[in-house]
Amino acid sequence: VGQLARIDELLTRRKEIEAIYLAEMSSFEGIKPPYIGQDVDEVHFMVWMVHLGTRFTASARKQIVEDMAANFIETAPYCKPLHQQFHYQQLGWKRGQLPLAERIGDRALALPFHAQLDVDEIRFLVGPLKDAATNVGAGSVVGHEGVSHASWARRSMTGAAMDGGAATAADSTVATAGVGGGGAA
């Protein structure tokens, strides 16, 4: 309830983060940003869910999640089709009955998304994603620049900020908060 007083500020900040993600992801072929329909004016994401292209498989997504974890970035498979969830399986639904939904679900991946992310942190998140997708043989990097992922991880783990000052709460949020966590929004 306390955040309702600053809802416009929070939503504006989330839109800024969305724009940064879109800009960073635009230099990569094979990973698509969240889908927004033509007639939709406004979407407020709870997680940043990307869709891996058709060249990716469920096992490739699993390898990407593992590669991201090796870089201290929590990602998660996302959007399990309804018929594969426990309740529907108890009703008799099985994998293979809705193959298109399964292929889409097998390629959905959630990345961290919260109000404390900044440009450098998003670059840190997207860089290893590009590397991991390329390593599994399904992605193609069009352009790759950003911060050193190893130095970012050390910064987050040791509390030593890049400018030599003290690390902020947001500095360690990327490496430790995981998907959708950490922020005030």
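So, a few notes on the structure that sits alongside this text. Keep in mind that this is a model prediction, so the values were computed, not measured.

Considerations on the overall build of the chain
For step 1, the next point in the chain: Each helix and strand in the chain was counted, giving 7 helices and 6 strands.
For step 2, the next point in the chain: Of the regular secondary structure in the chain, the N- to C-terminal order runs α-β-β-β-α-β-α-α-β-α-β-α-α.
For step 3, the next point in the chain: Roughly 10100 Å² of accessible area belongs to the chain as shown, and the carbon and sulfur atoms make up 55% of that amount.

Some thoughts on the packing of helix α2 (residues 58–70) against helix α5 (residues 119–135)
For step 1, the next point in the chain: The interhelical angle for the contact between α2 and α5, taken along N-to-C directions, is 135 degrees, at an axis separation of 9 Å. Here α2 is positioned oblique relative to α5, judged by the angle of their axes. Crossing angle aside, the handedness with which α2 passes α5 is right-handed. Taking contact as the criterion, the partners of Ile 64, Asp 67 and Met 68 in α2 are, on α5, Leu 125, Pro 128, Leu 129, Ala 132, Ala 133 and Asn 135.
For step 2, the next point in the chain: Residues that form the contact of α2 with α5 fall into these classes: 7 nonpolar, 1 polar and 1 charged.

Some thoughts on α2
For step 1, the next point in the chain: Across its 13 residues, α2 extends 19 Å between first and last C-alpha, which sits within 8% of the 18 Å expected from 1.5 Å per residue.
For step 2, the next point in the chain: Those residues of α2 lying buried are Ala 60, Arg 61, Ile 64, Val 65 and Met 68. Looking down the long axis of α2, one finds its buried residues gathered within 145 degrees of arc, a one-sided arrangement. Among the exposed residues of α2, those oriented more than 90 degrees off its buried face are Ser 59, Lys 62 and Ala 70.
For step 3, the next point in the chain: Each element contacted by the buried residues of α2 is listed here: β3 (48–52), β4 (76–77), α4 (99–106), β5 (108–111) and α5.

What about the pattern of salt bridges?
For step 1, the next point in the chain: Overall, the coordinates contain 7 salt bridges when judged by the stated rule.
For step 2, the next point in the chain: Glu 18 serves as the salt-bridge partner of Lys 15, at 3.0 Å between the closest nitrogen and oxygen. Placement of the pair is Lys 15 and Glu 18 together in helix α1 (residues 7–25), with a separation of 3 residues, close to one helical turn.
For step 3, the next point in the chain: On the accessibility criterion, Lys 15 (26% relative accessible area) is partly exposed.

A closer look at the sheet that holds β5
For step 1, the next point in the chain: The strand order β2-β3-β5-β4 describes an open sheet built from 4 strands, whose pairing is antiparallel. On the outer flanks of this sheet lie β2 (31–32) and β4, each paired with one strand and no other.
For step 2, the next point in the chain: Relative to β5, β4 runs antiparallel, the two being bridged by 2 bridges. Note on β5: the bridge partner recorded for Ala 76 is Ala 110.

Concerning the nonpolar core
It is characteristic of soluble globular proteins that their nonpolar side chains tend to be buried jointly.
For step 1, the next point in the chain: Within the largest apolar cluster, 27 residues are counted, with the highest numbers of intra-cluster contacts made by Tyr 21, Ile 31, Trp 48, Ile 64, Leu 111 and Leu 129.
For step 2, the next point in the chain: Of all the elements in the fold, those that place two or more residues in this core are α1, β3, α2, β5 and α5.
For step 3, the next point in the chain: Per-element tally for this core: the top contributor is α5, with 7 residues.
For step 4, the next point in the chain: Filtering out sequence-adjacent residues up to four positions away, Ile 64 remains in contact with Leu 52, Phe 56, Leu 109, Leu 129, Ala 132, Ala 133 and Val 136.

Some remarks on the packing of aromatic side chains
For step 1, the next point in the chain: Summed over all chains, the structure comprises 3 aromatic pairs.
For step 2, the next point in the chain: When the centroid spacing of 6.4 Å and the interplanar angle of 25 degrees are considered together, the rings of Tyr 21 and Phe 113 count as stacked. Of this pair, Tyr 21 sits in helix α1 while Phe 113 sits in the loop between β5 and α5, and the two are 92 residues apart along the sequence. There is no split in this pair, since Tyr 21 and Phe 113 are both buried.
For step 3, the next point in the chain: Taking the centre distance of 6.0 Å and the plane angle of 20 degrees together, the rings of Trp 48 and Phe 113 count as stacked. Taken together, the residues span a long stretch of sequence, with Trp 48 in strand β3 and Phe 113 in the loop between β5 and α5 at a distance of 65 residues. Judged on exposure class, the residue Trp 48 and its partner Phe 113 are both buried.
For step 4, the next point in the chain: Here the aromatic residues Tyr 21, Trp 48 and Phe 113 are joined through ring pairs into a cluster of three or more.

Criteria and thresholds
Residues numbered from 1 in each chain as written. Predicted model: local features only at pLDDT ≥ 70, side-chain atom pairs only at ≥ 80, totals over all residues. Heavy atoms only, no water. Helix = DSSP H or I, 4+ residues; strand = E, 2+ residues; numbered from the N terminus. Areas by Shrake-Rupley, 256 points an atom, 1.4 Å probe, with all protein chains shown as cover. Axes fitted to C-alpha atoms, helices over the stretch in contact; angles between N-to-C directions. Parallel < 35°, antiparallel > 145°, perpendicular 65-115°, else oblique. Left-handed = near helix turned anticlockwise from the far one by under 90°. Contact = heavy atoms within 4.5 Å. Nonpolar A, V, L, I, M, F, W, Y, C, P; charged D, E, K, R; others polar. Expected span 1.5 Å × (residues − 1). Buried < 20%, exposed > 50% of the residue type's maximum accessible area, 1.4 Å probe, protein only. Arc of directions from axis to C-beta. Salt bridge = Lys/Arg side-chain N within 4 Å of Asp/Glu carboxyl O. Pairing = 2+ DSSP bridges. Core = buried A, V, L, I, M, F, W, Y, C linked by side-chain atoms within 4.5 Å. Phe/Tyr/Trp six-rings, centres within 6.5 Å; stacked < 30°, edge-to-face > 60°.

This is a description of form; function is not addressed.
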